[in-house]
Amino acid sequence: MPLDPVALTAALIRCPSVTPIEGGALELLEKTLTEAGFDCTRVDRNGTPNLFARWGDKAAPRTLGFNGHTDVVPVGDEAAWTCDPFGGEIKDGKLWGRGATDMKSGVAAFVAAACDYTTRTQPKDTAIIITITGDEEGDATDGTTALLDYMAETGETMSDCIVGEPTCPNTMGEMMKIGRRGSITGYFTARGTQGHVAYPQQTENPVPVLASLMAELSAHSLDQGTEHFDPSNLEVTTFDVGNAATNVVPAQAQSTVNIRFNDAHTGASLSDWMRAKAKATTERTGIEIDVQFQISGESFLTPPGAFVDLVANAVATETGVTPILSTTGGTSDARFIKNHCPVVEFGLVGKTMHKVDEHVDVEHINALKNVYSRLMSDYFA
Ligand SMILES: [Zn+2]
């Protein structure tokens, strides 16, 4: 009997797997995949639960990978929900609950498609690897990276991989992701000399200096966009002095910027640029400015080609909509997988992800399973 991806999604929603709690979600998937002939290994690291599953010959000429996560963001204001966030209830043709779109339905769809495939196919020249983490919504240090480390240690390789995150803004099938922008955060601290505002010659005020640096960074046009990417964008996200006194020049001011950048830049080139701007400001003003960086991910692109075409064709055939090849949106675990093999993302409509009353159209889950099923048969044809 074919596996019902809707029932599987509902069962997963009933596992309260708020990051980093396993909640029974990976156990359920391990059982389901094992019954369909997969070899499953739990690759937990530092308290983060992860599942690795393989089917078929390690020496197969091509191995198709699927990646996803079972952890979910917290419920938030539970009183605002009109349904049980962990109930997995079906009402008005929709399945409700935390993780309904992001992304228990995506995981259920590819697991159901893969189980159908393996129960009716001989593992000859075909192999499938499924990696599922319990930490994508958190800091992700021991999630998909732990699975990829495990694969490197055990000689496991994927030829291509698809991530089942929600990728469609409004209509099922309208968008897939062939890359992502990178993300870097810069933390600036300007240090001056505190003193009485009535005696400015005895003080050095870091506030206008840091404010002018932020204005300069913010006004700078990083690029005009590239072939597959929108222009890079810098936002000043906070500016903090915390000075309650109106007669004191503060000693210190802090600010933070975040840049979402395209393939015209790297985390290193942007940190060099921001560090140089800070240094020039210090040289001009005498106010010392310290800056620290955190690079959450580099930008990457899986250029249009055979694999991208295969996925786009499966989406168009099953949904009737030709997907846009996009690089927009936030980061995802594809940023780690891109170091291993070509990776693209396709999943459901993401409108309600992380929201109160998160839900998904039941028909979309079935359509998504059909897309993944078609992708598998086309990939190994
Ligand atoms: Zn997600």
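Residues numbered from 1 in each chain as written. Predicted model: local features only at pLDDT ≥ 70, side-chain atom pairs only at ≥ 80, totals over all residues. Heavy atoms only, no water.

1. Re the domain arrangement of the chain
Parsing the chain into structural domains produces domain 1 (5-180 + 299-379) and domain 2 (182-297). Relative to domain 2, the C-alpha centre of domain 1 lies at a distance of 38 Å. Contact residues are listed per partner, giving 11 residues for domain 1 and 12 residues for domain 2. Summed over both sides, the interface of domain 1 with domain 2 buries roughly 790 Å², with 59% coming from carbon and sulfur. (Domains from an automatic or database assignment. Contact = heavy atoms within 4.5 Å. Buried area = accessible area lost by both parts, 1.4 Å probe.)

2. Describing the pattern of salt bridges
Inspection of every chain in the model, using the stated rule, returns 15 salt bridges. For Arg42, the salt bridge goes to Asp44, with nearest N and O atoms at 2.9 Å. With a closest N to O distance of 3.1 Å, Glu216 and Lys277 form a salt bridge. With Glu216 in helix H5 (residues 206-219) and Lys277 in helix H6 (residues 267-285), this pair connects stretches of sequence that are 61 residues apart. Look at Glu216 and you get partly exposed, because its relative accessible area is 32%. Each of Arg45, Asp142 and Asp149 takes part in a single network of salt bridges with overlapping partners. (Salt bridge = Lys/Arg side-chain N within 4 Å of Asp/Glu carboxyl O. Helix = DSSP H or I, 4+ residues; strand = E, 2+ residues; numbered from the N terminus. Buried < 20%, exposed > 50% of the residue type's maximum accessible area, 1.4 Å probe, protein only.)

3. Some remarks on helix H2 (residues 25-35)
Every buried residue of H2 is listed here: Ala25, Leu26, Leu29, Thr32 and Leu33. Summarising the axial view, the buried residues of H2 lie within an arc of 125°, below the 170-degree limit, and thus occupy one face. For H2, exposure combined with an orientation more than 90 degrees from the buried face picks out Glu27, Lys31 and Glu35. Summarising the contacts, the buried residues of H2 are in contact with helix H1 (5-13), strand E1 (39-42), strand E2 (50-56), helix H3 (104-120) and strand E6 (127-133). Remark: Gly37 follows H2 within two positions and exhibits a positive phi of approximately 100°. (Arc of directions from axis to C-beta.)

4. Here we look at the coordination of the zinc ion
Protein coordination of the zinc ion is provided by His69 (NE2), Asp102 (OD), Glu165 (OE) and Glu165 (OE), with donor distances spanning 1.9 to 2.7 Å. Coordination geometry of the zinc ion: the four donor atoms subtend angles of 53 to 145° at the metal centre, consistent with an arrangement described as irregular. Expressed as a motif, the donor residue spacing for the zinc ion is H-x32-D-x62-E. In this pair, His69 sits in strand E3 (residues 63-69) while Asp102 sits in the loop between strand E5 (94-96) and H3, placing the two residues 33 residues apart along the sequence. For Asp102, a relative accessible area of 5% puts it in the buried group. (Donors = N, O, S within 2.8 Å, 3.2 Å for Na, K, Ca; no water. Tetrahedral: all angles 85-135°; square planar, octahedral: opposite > 155°, others 65-115°.)

5. What about the environment of Pro342?
Secondary-structure assignment places Pro342 in the loop between helix H8 (334-337) and strand E18 (343-345). Of the residues examined, Pro342 reaches a relative accessible area of 35% and is grouped as partly exposed. For the pair Pro342 and Asp160, spaced 182 residues apart in the sequence, the C-alpha separation amounts to 5.1 Å. Not counting the four nearest positions on each side in its chain, Pro342 is found in contact with Ser159, Asp160, Cys161, Thr302 and Phe307.

6. Considering the packing of H1 against H2
Helix packing geometry: the angle between the two helix axes and the distance between the axes. One way to put it is that H1 packs onto H2 with a least axis distance of 9 Å and a crossing angle of 150°. Relative to H2, H1 is oriented so that their crossing is right-handed. Side by side, H1 and H2 meet where Leu8, Ala11 and Leu12 of the first sit next to Ala25, Leu28, Leu29 and Thr32 of the second. Residues belonging to the contact of H1 with H2 are distributed by class as follows: six nonpolar, one polar and no charged. (Axes fitted to C-alpha atoms, helices over the stretch in contact; angles between N-to-C directions. Left-handed = near helix turned anticlockwise from the far one by under 90°. Nonpolar A, V, L, I, M, F, W, Y, C, P; charged D, E, K, R; others polar.)

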